[in-house]
Amino acid sequence: MSSEFNVIPPTTKVYCKERGEGWTLTGITSEKENTSVMFNGIRYTIPAIEILQELLPNFEKWQRGELTD
């Protein structure tokens, strides 16, 4: 990733193949932190890098119908 980082706000939607649709409970200000994410009423703490590299792109693909369960 570039040295310039855009802050990801709380309630940003994400998608996990195993857990389904979720959203961030906390904002992401650095790729080196952990972030709280809610899936099906359960709170998970996930490394921000995983959210940035996998869960955010998955949500966009899922919304376009390019990602199936």
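Structure: see above.
Notes on the structure in this doc start here. It should be emphasised that the depicted structure is a prediction, and the values quoted were computed from it without experimental measurement.

Cut-offs applied
Residues numbered from 1 in each chain as written. Predicted model: local features only at pLDDT ≥ 70, side-chain atom pairs only at ≥ 80, totals over all residues. Heavy atoms only, no water. Pairing = 2+ DSSP bridges. Helix = DSSP H or I, 4+ residues; strand = E, 2+ residues; numbered from the N terminus. Axes fitted to C-alpha atoms, helices over the stretch in contact; angles between N-to-C directions. Salt bridge = Lys/Arg side-chain N within 4 Å of Asp/Glu carboxyl O. Buried < 20%, exposed > 50% of the residue type's maximum accessible area, 1.4 Å probe, protein only.

1. Thoughts on the sheet that holds strand β1 (residues 13–16)
Part 1: The sheet built from four strands is open, its strands ordered β1-β2-β3-β4 with antiparallel pairing. The sheet is open, and its two edges are formed by β1 and β4 (42–47), each paired on a single side. Between one strand and the next, the sheet's axes are offset by a mean angle of 40 degrees, whatever the strand orientation.
Part 2: Pairing of strand β2 (residues 20–24) with strand β3 (residues 34–39) involves three bridges; the strand directions are antiparallel. Within the sheet, the bridge partner assigned to T24 lies in β3 and is V37.

2. Considerations on the pattern of salt bridges
Part 1: Applying the stated criterion across every chain yields a total of two salt bridges.
Part 2: Across the pair K13 and E21 runs a salt bridge whose closest N-O atoms are separated by 3.2 Å.
Part 3: Since its relative accessible area comes to 42%, K13 is described here as partly exposed.
Part 4: Linking E66 and R64 is a salt bridge whose minimum nitrogen-to-oxygen distance equals 3.0 Å. Residues E66 and R64 agree in their burial class; the two are exposed.

Fair warning: the whole summary comes from geometry, so function is off the table for now.
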